[in-house]
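Each chain, letter by letter, is given below.
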Number of protein chains: 2
Amino acid sequence: MSKKEITIYDLAEKLGLSAATVSRALKDHPAINSETKKKVFALAKKMGYRTNKFASNLRKQKTNTIGVIVPRLNSPFMSSVLSGIEKTANNKGYNIIISQSLESEAKERSNVFTHFNNRVDALIVSLSYETDNMDHFQSFINKEIPLVFFDRVPESINATKVVIDNFRAGYEATLHLIEQGYKDIVHITGNIKRNVYKDRFEGYKRALTDHNILYREDNFICNDLSEDAIYNCIHNQILTRKKLPDALFITNDTSAAFALSILKENGIKIPSKMAIIGFNNDLISKVTEPNITTINYPGYQMGETVARIAIEKIDNKSEKDVTSTVILNAELVVRGSTVKR
Amino acid sequence: MSKKEITIYDLAEKLGLSAATVSRALKDHPAINSETKKKVFALAKKMGYRTNKFASNLRKQKTNTIGVIVPRLNSPFMSSVLSGIEKTANNKGYNIIISQSLESEAKERSNVFTHFNNRVDALIVSLSYETDNMDHFQSFINKEIPLVFFDRVPESINATKVVIDNFRAGYEATLHLIEQGYKDIVHITGNIKRNVYKDRFEGYKRALTDHNILYREDNFICNDLSEDAIYNCIHNQILTRKKLPDALFITNDTSAAFALSILKENGIKIPSKMAIIGFNNDLISKVTEPNITTINYPGYQMGETVARIAIEKIDNKSEKDVTSTVILNAELVVRGSTVKR
DNA sequence: TTGTATGCGTTATCAG
DNA sequence: CTGATAACGCATACAA
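The paragraphs below set out a description of the structure included in this document. Computed from a predicted model, the values in this text were never measured in an experiment. (Residues numbered from 1 in each chain as written. Chains lettered and ligands numbered in written order. Predicted model: local features only at pLDDT ≥ 70, side-chain atom pairs only at ≥ 80, totals over all residues. Heavy atoms only, no water.)

## Here we look at the overall build of chain A
Condition: Runs of E in the DSSP output that reach at least two residues are strands. Runs of H or I that reach at least four are helices, and both are numbered from the N terminus. This radius of gyration counts C-alpha atoms alone. The globule rule is 2.2 Å times how many residues there are, raised to the power 0.38. Burial classes follow relative accessibility: with a 1.4 Å probe on protein chains only, a residue under 20% of its type's maximum area counts as buried, one over 50% as exposed, and anything between as partly exposed. Whether two residues are in contact is decided by their heavy atoms, any of which lying within 4.5 Å being enough. Working definition of accessibility: Shrake-Rupley area with a 1.4 Å probe, residue cover restricted to the visible protein chains. Charge counting follows a simple rule: Lys and Arg are positive, Asp and Glu are negative, and His as well as the terminal groups are ignored. Charge placement uses NZ in Lys and CZ in Arg. For Asp and Glu, CG and CD serve respectively.
Counting secondary structure elements, chain A contains 12 helices and 12 strands. Relative to the compact-globule value of 20 Å for 341 residues, chain A shows a C-alpha radius of gyration of 26 Å, a clear excess of over 25%. A principal-axis box enclosing the C-alpha atoms of chain A has dimensions of 90 × 40 × 30 Å. Residues classed as buried in chain A amount to 55% of the 341 residues present. Taking the contacts inside chain A whose residues are at least 6 apart along the sequence as the reference set, 73% of them involve residues at least 24 apart. Accessible surface for chain A amounts to roughly 14900 Å². Of this, 49% is attributable to carbon and sulfur atoms. The averaged location of the 39 negative side-chain charges in chain A is 6 Å from the averaged location of its 47 positive side-chain charges.

## Thoughts on the packing of helix H2 (residues 19-26) of chain A against helix H3 (residues 34-47) of chain A
Residue and element names in this part refer to chain A. In plain terms, the rule: Think of each axis as a best-fit line through the C-alpha atoms, taken over the contacting stretch in the case of a helix, with angles from 0 to 180 degrees between the N-to-C directions. Angle categories are assigned with fixed cut-offs, so that under 35 degrees is roughly parallel, over 145 is roughly antiparallel, 65 to 115 is roughly perpendicular, and the rest are oblique. Residues are grouped as follows: nonpolar covers Ala, Val, Leu, Ile, Met, Phe, Trp, Tyr, Cys and Pro; charged covers Asp, Glu, Lys and Arg; every other residue, Gly included, is treated as polar.
Where H2 contacts H3, the axes come no closer than 9 Å and their chain directions differ by 90°. Taken as axis vectors, H2 and H3 run roughly perpendicular relative to one another. Across the interface between the two elements, Thr21, Val22, Ala25 and Leu26 from H2 touch Thr36, Lys37, Val40, Phe41 and Ala44 from H3. Split by residue class, the contact of H2 with H3 holds six nonpolar, two polar and one charged.

## Things to note about the pattern of salt bridges
Convention followed: Take a side-chain nitrogen of Lys or Arg and a carboxyl oxygen of Asp or Glu: if they are within 4 Å of each other, that pair is a salt bridge.
Under the definition given, this model contains 34 salt bridges over all chains. In this structure, the salt-bridge partner of A:Lys62 is A:Asp121, at a minimum N-O distance of 3.8 Å. Within this pair, whereas A:Lys62 is found in the loop between helix H4 (53-60) and strand E1 (65-70), its partner A:Asp121 is found in the loop between helix H6 (105-117) and strand E3 (122-125), the two being separated by 59 residues in sequence. The partly exposed category is assigned to A:Lys62, whose relative accessible area is 29%. Residues B:Glu103 and B:Arg152 are paired through a salt bridge, measuring 2.5 Å at the closest nitrogen-oxygen approach. With B:Glu103 in the loop between strand E2 (95-100) and helix H6 (105-117) and B:Arg152 in the loop between strand E4 (147-150) and strand E5 (160-164), this pair connects stretches of sequence that are 49 residues apart. With respect to burial, B:Glu103 and B:Arg152 carry one shared label: buried. Because the salt bridges share partners, they merge into one network encompassing A:Asp184, A:Arg216, A:Asp218 and A:Lys243.

## Some remarks on the interface of chain B and chain A
Keep this limit in mind: Buried surface area refers to the total accessible area, computed with a probe of radius 1.4 Å, that the two partners give up upon joining, counted for both partners together. A 3.5 Å cut-off defines polar contacts: any pair of N or O atoms within that distance qualifies, except that in protein one atom must be a possible hydrogen donor and the other a possible acceptor, and neighbouring residues in sequence count only when both atoms are side-chain atoms.
On the chain A side, the residues contacting the 55 residues of chain B number 55 residues. For chain B, the biggest contributors to the area lost against chain A are B:Arg50, B:Phe54 and B:Arg119; these three give 15% of the whole. A salt bridge links A:Glu227 to B:Lys286, with the nearest nitrogen and oxygen atoms 3.7 Å apart. At the surface where chain B touches chain A, the tally comes to 16 residue pairs in polar contact (both at pLDDT 80 or more). Sorting the residues of the side of chain B that touches chain A by element identifies helix H4 (53-60), helix H5 (76-91), E2, H6 and helix H11 (253-265) of chain B as the ones contributing at least two each. Here the side of chain B that touches chain A takes seven residues from H5(B), the largest share from any one element.

## Description of the sheet that holds strand E8 (residues 247-250) of chain B
Residues and elements named next belong to chain B. Heads up, the rule is: We call two strands paired when DSSP finds no fewer than two bridges between them.
Judged by pairing direction, the sheet is parallel, and its four strands sit side by side in the order E7-E6-E8-E9 without closing on themselves. Each of the sheet's edge strands pairs with one partner strand only, and the pair in question is strand E7 (220-222) and strand E9 (275-277). Neighbouring strand axes in the sheet, compared pairwise and without regard to direction, differ in orientation by 15° on average. In this structure, strand E6 (residues 185-189) lies alongside E8, joined through four bridges in parallel fashion. If you follow Val186 over to E8, its bridge partner there is Leu248.

## Brief notes about the relation of the copies chain B and chain A
To keep it simple, the criterion reads: Our superposition of the copies is a least-squares fit, built on the C-alpha atoms of residues whose pLDDT is at least 70 in both.
At an RMSD of 0.0 Å, chain B and chain A line up after a rotation of 180° and a shift of 0.0 Å along the axis. The two molecules are tied by a two-fold rotation axis, judged by turn and shift.

## Details of the pairing of E1(A)
Residue and element names in this part refer to chain A. By the criterion of burial, E1 is predominantly enclosed, with six of the six residues buried. Here E1 shows two buried faces, one formed by Thr65, Gly67 and Ile69 and the other by Ile66, Val68 and Val70. Pairing between E1 and strand E2 (residues 95-100): six bridges, direction parallel. Residue pairing across strands places Gly67 opposite Ile97, the latter belonging to E2.

## Details of the protein's contact with DNA strand C
The line we're drawing: When at least one non-hydrogen atom of a residue lies within 4 Å of a molecule or strand, that residue is treated as near it.
Of all residues adjacent to DNA strand C, which total 27 residues, the nearest are A:Tyr9, A:Tyr49, A:Arg59, B:Thr21 and B:Arg24. Sugar plus phosphate: this is where 60% of the atoms of DNA strand C within 4 Å of the protein reside. At a separation of 3.3 Å, a phosphate oxygen of DNA strand C approaches a polar backbone atom of A:Asn52. Take B:Arg59: an N or O atom from its side chain is 3.3 Å from a base nitrogen of DNA strand C. Contributions of two or more residues to the surface near DNA strand C are made by helix H1 (8-15), H2 and H4 of chain A together with helix H2 (19-26) and H4 of chain B. In the surface near DNA strand C, the residues fall into 10 nonpolar, 11 polar and six charged.

So this is what it looks like as structure tokens:
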């Protein structure tokens, strides 16, 4: 087989047909004689023909591609979401181009720009840790290209969003701790600029006040939830206290597992001396000792949903773009790290 | 701003220039007057111009896109690799289109075909669990499109591969157990059709025989390493034995952590009654109790390497395609699950 | 430094 | 059922 690309003209010439007919045959157009189709397909296969998507896209002004921007690829939650997106998109004949913002606004901005130039049919985004200014999404909004946010979504932009009820999740997690008798509850979370962290935080506070527990600022710790951050936080902001808190609500299972591990090393019994509650229901929460109580965050399902919505929007381009917020269920999963026996 | 797409012709007309000049100006072509460039850029920005990649690709016969096919997106190892690929590719101005084979040969085949039609500049692949027939890659080979495999690589195809020395890793893991005094070592692993599992298995066997331990077939267990498989395996093939084995070598940390958790529930003390060694050095191996001894598999670095190689191949298309195998280091990480104190 | 002309491969329209 | 033709938007060889 040679390196030269075969085009419909090559096929047409060899078959004594026009390029138009070959094109139609290849698309299984109903108006083409089935004998003709057979011949075309046979020769196409024989000569190693492959359709040229650029030419086709150029002509059709559509790419069958969906852009995805996530903060990082390598977290259990995000990879579940991506898996769901890929599966759904692929089933519907879409490709996905994935890029990471690496939690940087500048990178996110440049990624958005790239996807814009690539003329993705839709863009799916979870915001970076630090994004303040949302102007870079304006190009998609102006051109009315479907834009769907999930998990870390902007408040200021009028676009479809898929989330869980983070306020409620934060409330329920805290409520559970209170019900188990814990009162001095430290909340360790990410930048409250982002809805996910802010809403959980609000839920936490509300649960406290609803139960006549005073919210104390020193019980609110905000960092990037990385291994280093958790290590430093536990060592410098928890273990140094004269009176240890009796529970930690950490908004990420990986961090919670890591914290649990450090606390145990330092002789803190879990949950008798200190309870821990995480977030996400990653597998890691099921292998620590004790297992970690957490909030089940349906990542894969979120991926499916967000992809489905994006594709629906592509298909119904004509209809007025209905902006909506989809809220998926997230429920408490009680395990050993919060329940004394 | 309107929905209409602006082209270089629109810009040219408004500026009283030719499309060619605008095209060159936009690319910062050296032969264009800098005043002209300024005017072009200004108007382009003002009118919301965006370059049309299809037209450009169609013209240039290059996509600046790399296709990636992985068995699944959502494993800690794979998401690290993907993260490394994305980072490297993005730095070099390439987009990545990711698809999952979901461990199915048919899906992999169709993914390869899609990437081929998308005219990716290179294809990066880790094989599905069940792929036997490698014919679907022939199209890439025939057209001399760079094809790079990593982790689960084919033996029969003459293409560049990036791997670790799985034989050696298997040997060292087993050797470590032997040195710690364990003799009845069960190896739980994936389909030995795949190099990664086969080579580790060979390493395991060699370590045994090198130390005068008889390899027994009933100590070799092969399954898909899923949670269910591990659960069943531990319950039906380990705990039912009259004489329990004294060590498990499981080729995946997630599975190892899960196995450890189950064994502990059943009253088996780790490592005094049974040792466990995993594979990958995922975070999960550091939060179980005891922590799990494992082989450090440099996923992120593998991603960087494989992307770098793919891009080098794209750039040096002229040179005879040198097929090589790159072997990254993977070393033993000793932790509590194998060392009695 | 800029312009002219052309082709990249496909598909839609219109005509037969 | 099939063909001729004209775009789609850009980049380049060649001319000026």
